[in-house]
Amino acid sequence: MVHHDENPLGAHLPLDPLPGHSSLGRLERVLRRGEFAVTAELNPPDSANPEDVYERAAIFEGWVDGINAVDASGANCHMSSVGICALLTRMGYAPIMQIACRDKNRIAIQGDVLGAAAMGVANIMCLTGDGVQAGDQPGAKPVFDLDSMSLLETIRTMRDQSKFLSGRKLTAPPKVFLGAAVNPFAPPHDFRALQLGKKIDAGAQFVQSQYCFDIPLFREFMKRVRDLGLHEKCYILVGVGPMASAKTAKWIRSNVPGIHIPDSVIARLEGAADQKKEGKQLCIDIINEVKEIEGVAGIHVMAYRQEEYVSEIVHESGVLKSRTPWKRAQKPEIREEIEELQEAQASGLIDRSIH
């Protein structure tokens, strides 16, 4: 069955509410239908030009179900996540607005949540945020009024109880799908599944993981997740991405906290004639392994400065099968014809070699 997940009155307008759904967005619908979801990360521009955002988002069209609007990751300033979301929703994209607790107090954060929801943002990713010392303005004053757990609880309270943290009532609550980050690869490993459980209790409905380069370690994490029944309470999207070279992988391993890259991965890149091509293939191979792990609901592709590879990675991994995520550039009737053709190809009714 083909699902367009688009308001017939305009792609920028919210979808009709569905029973049991927290949001009016596409990502939640895809996940609740049991389809393998794909999200990606938009590299925020150091610019006030909206076209810089649209050009970067267009790369993902037809390949992803949600686009992360990054909130000053690494404590480096770029265009704000709420600004990027305003631009993306205007064109009909499905943004995932990241909120880092580092830079704003609870008053500003709650205001941003309402503003984002009013613009059509249906997904919010709750993060504690990197310390200011990690960025290029270490003299900035950190806030950390909330952390990821209390942020989840705050937005859940706004959504489910229609009130601010102060207890003051909201006339219209934000209808949002709540997400959080997990890192199965950071010690202590036994604690990571328990931490996921705490984030679920706080309100997380989906999570995106840190880069996965160690599949055996991730399998152990998912076993603990299944033992606790957490995969039935939360949608888990595995973080993946291509490495441009062995040199890049070594630098990231040494300088970016929380990213675990085994020696075997670096050795594979070093042994390749074309390291960039091998990095892309490594990403595809990882996807093909993790997509078969019970409890994995999707992937989150982080291709920093290699965004042009996202479509190839998603296509060659086959995770979408015959499904085509929403694409702004196609009219619904054209998209329906394409999807019917893809379904016919998938069922063997049409010879792919001819078309």
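As shown above, the structure is provided for reference.
All of the points below concern the structure found in this document. All values derive from a computational prediction rather than experimental measurement.

Here's the deal with the pairing of strand β7 (residues 235-240)
Stage number 1. A large share of β7 lies buried, amounting to five of its six residues.
Stage number 2. Pairing between strand β6 (residues 206-211) and β7: four bridges, direction parallel. In the strand pairing of β7, Val207 is matched with Ile236.
Stage number 3. Handedness of the crossover joining β6 and β7 through helix α7 (residues 215-227) is recorded here as right-handed.
Stage number 4. Bridge analysis of β7 against strand β8 (residues 296-301) gives five bridges, and the strand direction is parallel. When the sheet's bridge partners are listed, Val238 is paired in β8 with Ile299.

A closer look at the nonpolar core
Where a protein is soluble and globular, its nonpolar side chains tend to be buried together.
Stage number 1. With 86 residues, the main nonpolar core has Ile124, Ile155, Leu196, Phe218, Ile261, Val290 and Ile299 as its most contacted residues.
Stage number 2. Here Phe218 is in contact with Pro184, Phe185, Cys212, Val238, Val290, Ile293 and Val296, once residues within four sequence places are set aside.
Stage number 3. Counting 11 residues, the second-largest nonpolar core is a separate cluster that includes Leu31, Ala37, Phe206 and Leu237.

Comments concerning the pattern of salt bridges
Stage number 1. All chains considered together, the criterion is met by 19 salt bridges.
Stage number 2. Ionic pairing is found between Arg106 and Asp145, a salt bridge with its closest N-O pair at 2.8 Å. Of this pair, Arg106 sits in helix α4 (residues 106-119) while Asp145 sits in the loop between β4 (123-127) and α5 (148-161), and the two are 39 residues apart along the sequence.
Stage number 3. With relative accessibility at 35%, the residue Arg106 sits in the partly exposed group.

Here's the deal with unusual backbone geometry
Stage number 1. A cis amide bond, omega -5 degrees, links Pro187 with the succeeding residue Pro188.
Stage number 2. If you check the backbone angles, Ala72 has positive phi at about 50 degrees while not being a glycine.
Stage number 3. What makes Ala72 buried here is its relative accessible area of 16%.

Examining the packing of aromatic side chains
Two descriptors summarise a pair of aromatic rings, namely the distance from one centre to the other and the angle between the planes of the rings.
Stage number 1. Applying the stated criterion across every chain, the model contains six aromatic pairs.
Stage number 2. A centroid spacing of 5.8 Å and a plane angle of 85 degrees characterise the contact between Tyr93 and Trp326, whose relative ring orientation is edge-to-face. Here Trp326 lies in the loop between α11 (310-317) and α12 (332-346) and Tyr93 lies in the loop between α3 (81-90) and β3 (95-100), a separation of 233 residues in the sequence. When sorted by exposure, Tyr93 lands in the same class as Trp326, which is buried.
Stage number 3. A ring pair is formed by Phe218 and Phe221, whose centres lie 6.1 Å apart and whose planes are at 35 degrees; its orientation type is tilted. With a gap of three residues between them, Phe218 and Phe221 both fall in helix α7, about one helical turn apart. Phe221 carries the same exposure label as Phe218, and that label is buried.
Stage number 4. A connected cluster of aromatic rings, assembled from ring pairs, spans Phe177, Phe206 and Tyr235.
Stage number 5. Its end group placed over the ring of Tyr309, Lys280 keeps NZ or CZ at 5.5 Å from the ring centre.

A look at helix α9 (residues 263-270)
Stage number 1. For α9, the complete set of buried residues consists of Val265, Ile266 and Leu269. Along the axis of α9, the buried residues cluster in a sector spanning 95 degrees; they form a single face. Of the exposed residues in α9, those oriented more than 90 degrees away from the buried face are Asp263 and Ser264.
Stage number 2. Packed against the buried residues of α9 are α8 (246-255) and α10 (275-290).

Conventions and cut-offs
- Residues numbered from 1 in each chain as written.
- Predicted model: local features only at pLDDT ≥ 70, side-chain atom pairs only at ≥ 80, totals over all residues.
- Heavy atoms only, no water.
- Buried < 20%, exposed > 50% of the residue type's maximum accessible area, 1.4 Å probe, protein only.
- Helix = DSSP H or I, 4+ residues; strand = E, 2+ residues; numbered from the N terminus.
- Pairing = 2+ DSSP bridges.
- Right-handed = clockwise from strand over helix to strand, strands pointing away.
- Core = buried A, V, L, I, M, F, W, Y, C linked by side-chain atoms within 4.5 Å.
- Contact = heavy atoms within 4.5 Å.
- Salt bridge = Lys/Arg side-chain N within 4 Å of Asp/Glu carboxyl O.
- Phe/Tyr/Trp six-rings, centres within 6.5 Å; stacked < 30°, edge-to-face > 60°.
- Lys NZ or Arg CZ within 6 Å of the ring centre and 35° of its normal.
- Arc of directions from axis to C-beta.

Keep in mind that these numbers describe shape and distance, not what the molecule does.
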